[in-house]
Amino acid sequence: MNSITQQLEQLKATLPSDCTLVAVSKTKPNEDIMEAYNTGHRDFGENKVQELTTKAEQLPKDINWHMIGHLQRNKVKYIAPFVHLIHGVDTFKLLKEINKQAEKHDRIIECLLQIHIAAEETKFGLSEEELQSILESKELESLQNVRIIGLMGMATYTDDEGIVLKEFKSLKEIYDSVEKKSTHSNVKLSTLSMGMSGDYKIALEAGSNMVRIGSTIFGHRN
Ligand SMILES: *Cc1c(COP(=O)(O)O)cnc(C)c1O
């Protein structure tokens, strides 16, 4: 089997230069993260607050930590001091809590709004209507310690590439329409986070510029 270093280098060679790779290190030990870190990689993603904070304490401080999982409001305080980007913002209440905690640490926390594009009921995310209502709310302008820099979405888990492509394209369309008409000073879209090990090539085809990839780099999780 290839090493983490080899996997990472092979993967990076296939990604467009404007695409950010978030190496998803959930469940993997610090030594695996350090192997990737030692190749120069700095963006890592975790989906659990406890694991994220523990790893952030133990590992080098110049890592950009991405919170990619579902985030509960009462846990925002643990990651607010250091988190680089929160991918899964799916309620206005959560955004307000992130703003509040960011203010305490005198930071601006960058966020992605998660949009529900998959057929499965179980995946989190805003509908297009809910997204519009957040972006149109007057209160958003007052949240000066958050910045919405893009959208995130997950496609249906299926072998049918046609379905996956259609879902990713629908998110790209939403992204393009929001990018054109957002007027709030704290909304400036630059990032479309979509694509994982199984579907990132399709996501890139649909216009993704941030992929979140775990098992292709670090091997399968138990
Ligand atoms: C685990 C996870 C990934 C990475 O999944 P792989 O299939 O291992 O690449 C990407 N995004 C989210 C939100 C995840 O939870």
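It should be noted that the structure appears before, not after, this text.
Computed from a prediction, not measured in an experiment: that's the story for all the values here.

Draft legend 1. Broad picture of helix α7 (residues 161–181). Compared with the 30 Å implied by 1.5 Å per residue over 21 residues, the 31 Å span of α7 between its first and last C-alpha is a close match. Its buried side turned inward, α7 meets β5 (109–116), α6 (128–136), β6 (146–154), β7 (187–194) and α8 (200–205). Two or three places before Gly 162, at the start of α7, stands the capping residue Asp 160, its side-chain oxygen 3.0 Å from that residue's backbone nitrogen.

Draft legend 2. Main features of the site of the ligand. Close to the ligand lie Val 24, Lys 26, Ile 68, Met 154, Met 196, Ser 197, Arg 212, Ile 213, Gly 214, Ser 215 and Arg 221, which account for all nearby residues. At a separation of 2.7 Å, an oxygen atom of the ligand approaches a polar side-chain atom of Arg 221. Per-class residue counts for the shell around the ligand are five nonpolar, three polar and three charged.

Draft legend 3. Here's a closer look at the side chain of Asn 186. With respect to the secondary-structure elements, Asn 186 resides in the loop between α7 and β7. Look past the residues within four positions of Asn 186 in its chain and what remains in contact with it is Leu 140, Glu 141, Leu 143, Gln 144, Val 146, Arg 147 and Ile 148.

Draft legend 4. The arrangement of the layout of surface pockets in detail. Its boundaries defined by the atoms lining it, the largest pocket holds a volume of some 900 Å³. Lining the largest pocket are 31 residues, with Lys 26, Met 154, Tyr 157, Met 196 and Arg 221 positioned closest to its centre. Mapped by element, the contributors of at least two residues to the lining of the largest pocket are β6, α7 and β8 (210–213). A breakdown of the residues in the lining of the largest pocket according to their chemical character gives eleven nonpolar, twelve polar and eight charged.

Draft legend 5. Spotlight on the side chain of Lys 26. Relative to the helices and strands, Lys 26 is located in the loop between β1 (20–24) and α2 (30–37). For the buried Lys 26, which has no salt bridge, the nearest side chain bearing the opposite charge is Glu 46, at an N-O separation of 8.4 Å. In this structure, Lys 26 is in contact with Gly 45, Glu 46, Asn 47, Glu 51, Lys 55 and Arg 221, ignoring residues within four places of it in sequence.

Draft legend 6. The arrangement of the nonpolar core in detail. Counting residues in hydrophobic clusters, the biggest one holds 65 residues, and the most contacted among them are Ile 86 and Ile 98. Sorting elements by how many residues they give to this core places α7 first, with seven residues. Residues within four places of Ile 86 in sequence aside, it is in contact with Met 67, Leu 71, Ile 79, Ile 98, Ile 109, Glu 110, Cys 111 and Leu 112. Counting six residues, the second-largest nonpolar core is a separate cluster that includes Val 22, Leu 85, Ile 149 and Met 152.

Draft legend 7. Region of interest: the pairing of β1. For β1, the buried fraction is high: four of the five residues fall into the buried class. For β1 and strand β2 (residues 43–46), the ladder comprises two bridges, and the chain directions are parallel. From the neighbouring strand, Val 24 faces β2, where its bridge partner is Gly 45. Assessed by its sense of winding, the connection that carries the chain from β1 through α2 to β2 is right-handed.

Draft legend 8. Representation of the environment of Gly 153. Examined against the element boundaries, Gly 153 turns out to sit in strand β6. A relative accessible area of 1% means that Gly 153 is categorised as buried. Expressed as a C-alpha distance, the spacing of Gly 153 and His 116, which sit 37 residues apart in the sequence, is 6.4 Å. Ignoring anything within four residues of it in the chain, the contact list for Gly 153 reads Ile 115, Ile 117, Phe 168, Leu 171, Ser 193, Met 194 and Arg 212.

Draft legend 9. Spotlight on the packing of aromatic side chains. For the structure shown, the criterion picks out one aromatic pair. Where Phe 44 meets Trp 65, the ring centres are 6.2 Å apart and the plane angle is 45 degrees; that geometry is what we call tilted. Here Trp 65 lies in strand β3 (residues 64–67) and Phe 44 lies in strand β2, a separation of 21 residues in the sequence. Accessibility expressed as a relative area gives 0% for Phe 44, which makes it buried.

Draft legend 10. Molecular detail of the environment of Asn 47. One can find Asn 47 in the loop between β2 and α3 (49–58). Taking relative accessible area as the criterion, Asn 47 reaches 24% and is therefore assigned partly exposed. Put simply, Asn 47 and Gly 88 are 41 residues apart on the chain and 9.6 Å apart in space, counted from C-alpha to C-alpha. In this view, Asn 47 contacts Lys 26, Met 67, Ile 68, Gly 69 and His 70; residues no more than four positions away in its chain are not counted.

Calculation notes
Residues numbered from 1 in each chain as written. Predicted model: local features only at pLDDT ≥ 70, side-chain atom pairs only at ≥ 80, totals over all residues. Heavy atoms only, no water. Helix = DSSP H or I, 4+ residues; strand = E, 2+ residues; numbered from the N terminus. Expected span 1.5 Å × (residues − 1). Contact = heavy atoms within 4.5 Å. Polar contact = N/O pair within 3.5 Å; in protein donor to acceptor, adjacent residues only side chain to side chain. Near = heavy atom within 4 Å. Nonpolar A, V, L, I, M, F, W, Y, C, P; charged D, E, K, R; others polar. 1 Å grid on protein atoms, 1.4 Å probe; cavity = no way out; pocket = protein on both sides within 12 Å on 5 of 7 lines; lining within 4 Å. Points joined across faces, edges and corners; volume = space filled by probe spheres on them. Buried < 20%, exposed > 50% of the residue type's maximum accessible area, 1.4 Å probe, protein only. Lys, Arg positive; Asp, Glu negative; His and termini not counted. Salt bridge = Lys/Arg side-chain N within 4 Å of Asp/Glu carboxyl O. Core = buried A, V, L, I, M, F, W, Y, C linked by side-chain atoms within 4.5 Å. Pairing = 2+ DSSP bridges. Right-handed = clockwise from strand over helix to strand, strands pointing away. Phe/Tyr/Trp six-rings, centres within 6.5 Å; stacked < 30°, edge-to-face > 60°.

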